[in-house]
Amino acid sequence: MGSAFVKAFVVLVVLLLECGVLGPQRMLYMFFIVHLVSIPLAAALFFSVFEQAGSTLNLFADRATRNTLLGYPFPSSWYQSQNALFIIIFAPMYAWLWIKMGPNQPASPTKFSFGLIGVGLGFLILIPAARLAAGGTLVSPMWLTMTYLIHTYAELCLSPVGLSSMTKLAPARIVSLMMGVWFLGASVGNFLGGQAASFYESMPLAQLFGMVALLPIAAGILMFLYRRPLTALIGDA
């Protein structure tokens with residue numbers, strides 16, 4: 001997977017050179033920092049955590065969570081519908097909020113940092129639950145519900161903003177190519193998420209959740225600290 005990503009990156013740079021996109025120095029700098037590094041890397045980090053909903057979190061729901069509601073049992077797979085439900089509820093609110101704030105809304109790099117920090121926090125709050133589960137206790141379903149809720153907030157800060165930024169910043173003739181870069185970052189994230197989930201059986205859950213949470217939170221803080229240079233580079237995208 002790593003070699004495939006490197007090959008895809010090289011092919012992408014060659015295509016951009018042939019298209020004449022990487023001519024002026026500022027354009028080269030903008031494309032390298034924003035299109036080829038920061039946005040795809042942030043997407044890869046985000047989805048490496050977010051997409052563990054179907055692996056790590058699903059195993060935790062099945063093996064370590066008390067799956068009952070008002071005394072009635074339900075299958076652990078039902079947790080998978082929470083993200084979709086929260087998206088339906090909160091996406092219109094986010095859209096209204098950004099429109100309401102207008103030019104005062106956070107810039108794209110700031111929203112990206114919120115998304116990265118949020119997806120890490122979703123796993124961070126599960127550490128106490130993992131410690132309870134290690135002692136043989138079936139934890140409350142509210143732990144996972146809170147994680148899915150925070151992950152939804154994070155997704156609404158990062159995913160639509162990333163898609164919008166890629167289309168706004170790319171020259172019209174290579175918009176579809178740059179959208180491919182976004183999905184390349186997402187695919188790398190899915191691969192990394194699968195690798196992290198493989199440690200579910202061999203690593204203490206609290207330690208695994210902590211390691212999964214650490215990297216996106218650190219990356220989000222770093223992006224937040226450098227939000228001003230990134231915002232100056234990409235403008236209002």
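What this report covers is the structure whose coordinates are included nearby. Here the structure is a predicted model, which is why all the values come from computation and not from measurement.

### Overview of the nonpolar core
Thought 1: Counting residues in each nonpolar core, the largest one holds 57 residues, and the members touching the most others are F46, F60, F112, L144, W182 and F209.
Thought 2: When residues of this core are traced back to their parent elements, those giving at least two are helix 2 (25–50), helix 3 (56–64), helix 4 (80–101), helix 5 (108–124), helix 6 (127–134), helix 7 (141–169), helix 8 (175–197) and helix 9 (205–225).
Thought 3: If one sorts the elements of this core by residue count, helix 7 sits on top with ten residues.
Thought 4: Beyond its immediate sequence surroundings of up to four residues, F60 is in contact with T65, L126, A129, A130, A133, V139, L144, Y200, L205 and F209.

### Comments concerning the side chain of T145
Thought 1: Following the sequence through the fold, T145 ends up in helix 7.
Thought 2: Owing to a relative accessible area of 15%, T145 belongs among the buried residues under this scheme.
Thought 3: Residues contacting T145, with those up to four places away along its chain left out, are Q82 and F86.

### A word on the packing of helix 6 against helix 9
Thought 1: Close contact between helix 6 and helix 9 brings their axes to 8 Å; oriented N to C, the two are set at 165°. In this view, helix 6 runs roughly antiparallel relative to helix 9, as classed from their interaxial angle. Crossing of helix 6 over helix 9 shows right-handed handedness. Counting all contacts with helix 6, which are made through I127, A130 and R131, the residues of helix 9 involved are L205, A206, F209 and G210.

### Some details on the environment of G185
Thought 1: With respect to the element layout, G185 can be found in helix 8.
Thought 2: Taking the C-alpha atoms as reference, G185 lies 4.6 Å from P40; in sequence the two are 145 residues apart.
Thought 3: The contact partners of G185, leaving out residues within four places of it in the chain, are P40, A43 and A44.

### Things to note about a nonpolar patch on the surface
Thought 1: Residues F114, I221, L222, F224, L225 and Y226 make up a contiguous nonpolar surface patch of roughly 590 Å² in combined accessible area.
Thought 2: Looking at the nonpolar patch element by element, the count peaks at four residues for helix 9.
Thought 3: Summarising the element assignment, F114 is placed in helix 5.

### Observations concerning the side chain of Q52
Thought 1: Tracing the backbone shows Q52 in the loop between helix 2 and helix 3.
Thought 2: Each residue touching Q52, except ones within four places of it in the same chain, is listed here: L57, N58, F123, G193, A196, A197 and V212.

### Describing the packing of aromatic side chains
Thought 1: Within the structure shown, the criterion is met by 14 aromatic pairs.
Thought 2: Ring geometry for F90 versus Y153: centroids 5.1 Å apart, planes at 80°, classification edge-to-face. With F90 in helix 4 and Y153 in helix 7, this residue pair connects regions lying 63 residues apart in the sequence.
Thought 3: Judged by relative accessible area, which is 30%, Y153 ranks as partly exposed.
Thought 4: Members of the aromatic cluster, connected to one another through ring pairs, are F46, F47, F50, F112 and W182.
Thought 5: We note K111 situated over the ring of W98; from NZ or CZ to the ring centre the distance is 4.2 Å.
Thought 6: A cation over a ring is seen here: R227 above F224, with NZ or CZ 4.0 Å from the ring centre.

What counts, and at which threshold
Residues numbered from 1 in each chain as written. Predicted model: local features only at pLDDT ≥ 70, side-chain atom pairs only at ≥ 80, totals over all residues. Heavy atoms only, no water. Core = buried A, V, L, I, M, F, W, Y, C linked by side-chain atoms within 4.5 Å. Buried < 20%, exposed > 50% of the residue type's maximum accessible area, 1.4 Å probe, protein only. Helix = DSSP H or I, 4+ residues; strand = E, 2+ residues; numbered from the N terminus. Contact = heavy atoms within 4.5 Å. Axes fitted to C-alpha atoms, helices over the stretch in contact; angles between N-to-C directions. Parallel < 35°, antiparallel > 145°, perpendicular 65-115°, else oblique. Left-handed = near helix turned anticlockwise from the far one by under 90°. Patch = residues over 30% accessible without salt bridge, like charges linked within 9 Å, V, L, I, M, F, W, Y side chains within 5 Å. Areas by Shrake-Rupley, 256 points an atom, 1.4 Å probe, with all protein chains shown as cover. Salt bridge = Lys/Arg side-chain N within 4 Å of Asp/Glu carboxyl O. Phe/Tyr/Trp six-rings, centres within 6.5 Å; stacked < 30°, edge-to-face > 60°. Lys NZ or Arg CZ within 6 Å of the ring centre and 35° of its normal.

Honestly, it's all geometry; don't read function into it.
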